[in-house]
Amino acid sequence: MNFYLKYSSYSVLMSCMFTLLFIFWTSDAYVANCPFEARDKCDCSFIDQDLAMVCRSVSGTEEFRKLLGKARNFYGVQTHYIYIYDSNIGYFQPENFRGLWLKKLSFSNTHLTFYTQTGANIPFVSGEDSLEEIRLYNCSLTLPEPRWVLPSLTSLVKFTAAFNVLVEIPEIFFRNASVNLKELYLYNNHILSLGHAVFAKMSRLQRLILNNNNLVLFERSCLPRPAAELEEIHLKGNKLRFLPNDIFTEMPNLKLINMADNHLVRLTETTWQPIWSTLLDVYLQGNPFICDCDVRWLVQEEYAMAKVFKVDRYLYGKCFTPSYLKDKRLEDLKLTDIECKQ
């Protein structure tokens, strides 16, 4: 599977269409009438025994509060999925979620901020034990100040904040992160920096997506140690110039690395060799690599693994210098191509 393409070009329109199709065309879903007061802006359906509400053109905090009020006891059951799109909610009010037992909360093309007018910073009151997924897609989302903390959501397994205007993720933001969190999507923001140990408590993290930001540094301290379940790291389209020597240590199940379209020039053995034998997909295209004696180890590893283990690996990337190797694919390098000065 080409994971490089998977996260590179989602559009906002396709996102909304996917949400609607998921709800109304799955084999286990059937349409239900929404509460009378919400029918002009919402569609409802049951997925198995879970009620889903899809609402559009919600205007302001008060209208959002009223819609959530209708979701508390509808058809004698709780609403478990709420999807909001093409709306302008503005400020969250923490009490809006009180009494709800949500499993998934999704906002697309919706202007909102977590930070309330009253200064409260816990927007998902009563969702601590139920929320499994939060999705914030193209919501003009910022962190108004570094004190903002995502509340303790013990059931959360997937968190998305993509196509927003985040410029940093301070360490305190995920201070209460669920140890059950497995997928974290923070792509297509403007992130310049990450807190020193910002993801370190996510011991079950499997997939980290930070594509298309402005990161110049990514440190090992950001991730759990060990990162025993981590399988994918996506850092495509950032501004990384080098990788720390220990960046991939204690990651026994790492299968995919996407660092295409950065400014990396070196593929050092100290950095890459510890996890090279486990990787199945390595995306390095768009980096100006220097193919000198520093990549000799890579050629030797690829030859040995292809001969002994028959590893079916996708390795994408090209040399930039020296001139006689310019645009030569990394996977096509031979030992005779590499010059090592004595």
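Rules used throughout
- Residues numbered from 1 in each chain as written.
- Predicted model: local features only at pLDDT ≥ 70, side-chain atom pairs only at ≥ 80, totals over all residues.
- Heavy atoms only, no water.
- Helix = DSSP H or I, 4+ residues; strand = E, 2+ residues; numbered from the N terminus.
- Buried < 20%, exposed > 50% of the residue type's maximum accessible area, 1.4 Å probe, protein only.
- Contact = heavy atoms within 4.5 Å.
- Pairing = 2+ DSSP bridges.
- Expected span 1.5 Å × (residues − 1).
- Arc of directions from axis to C-beta.
- 1 Å grid on protein atoms, 1.4 Å probe; cavity = no way out; pocket = protein on both sides within 12 Å on 5 of 7 lines; lining within 4 Å.
- Points joined across faces, edges and corners; volume = space filled by probe spheres on them.
- Nonpolar A, V, L, I, M, F, W, Y, C, P; charged D, E, K, R; others polar.
- Patch = residues over 30% accessible without salt bridge, like charges linked within 9 Å, V, L, I, M, F, W, Y side chains within 5 Å.
- Areas by Shrake-Rupley, 256 points an atom, 1.4 Å probe, with all protein chains shown as cover.
- Salt bridge = Lys/Arg side-chain N within 4 Å of Asp/Glu carboxyl O.

Peer 1: Just checking my understanding: could you explain the overall build of the protein chain for this structure?
Peer 2: Scanning the protein chain from terminus to terminus reveals five helices and 17 strands. Put simply, the protein chain has 342 residues, and 49% of those count as buried. Summarising the internal contacts of the protein chain: among those between residues at least 6 apart in sequence, 65% fall at separations of at least 24.

Peer 1: Whenever I open this one, the pairing of strand 5 (residues 104–113) confuses me. Can you help?
Peer 2: Looking along a regular strand, one sees the side chains alternate between the two faces of the sheet. For strand 5, a buried count of nine out of 10 residues is recorded, marking the element as mostly surrounded by other parts of the structure. Here nine bridges tie strand 4 (residues 79–91) to strand 5, and the two strands are oriented parallel to one another. Residue pairing for strand 5: S87 is matched across the bridge by T110.

Peer 1: What is the right way to look at helix 3 (residues 60–71) in this model?
Peer 2: Three or four residues apart is the spacing at which side chains of an α-helix point the same way, because the helix has 3.6 residues per turn. An ideal rise of 1.5 Å per residue puts 16 Å on 12 residues; helix 3 measures up with 17 Å between its terminal C-alpha atoms. Where helix 3 is concerned, the buried positions are F64, L67, L68 and A71. Within helix 3, the buried residues cover an arc of 100° as seen down the axis, which keeps them to one side.

Peer 1: Teacher, can you tell me more about empty space enclosed by the protein here?
Peer 2: Using a probe with the size of a water molecule, rolled over the atoms, empty space left in the structure can be pinpointed. Per the counting criterion, the structure on display carries five cavities of 30 Å³ or more. Sorting the residues of the lining of the second largest cavity by element identifies strand 3 (50–56), helix 3 and strand 4 as the ones contributing at least two each. The biggest single contributor to the lining of the second largest cavity is helix 3, with four residues. Looking at the lining of the second largest cavity residue by residue, the class counts come to eight nonpolar, no polar and no charged.

Peer 1: Help me out: how do you make sense of helix 4 (residues 269–276) in this one?
Peer 2: Here helix 4 has its buried residues at T271, W272, I275 and W276. Seen end-on, helix 4 carries its buried residues on one side only, within an arc spanning 110°.

Peer 1: Which parts of the structure should I look at to understand a nonpolar patch on the surface?
Peer 2: On the surface, V216, L217 and F242 cluster together to form a nonpolar patch covering roughly 270 Å² of accessible area. Tracing the backbone shows L217 in the loop between strand 11 (207–209) and strand 12 (232–234). L217 gets classed as partly exposed once you look at its relative accessible area, which sits at 35%.

Peer 1: Looking at this model, I keep getting lost on the pairing of strand 3. Mind explaining?
Peer 2: Counting buried positions along strand 3 gives six out of seven residues, so the element sits mostly inside the fold. Direction of pairing for strand 2 (residues 42–47) relative to strand 3: antiparallel, over a ladder of six bridges. Of the residues in strand 3, the one forming a bridge with C42 is C55.

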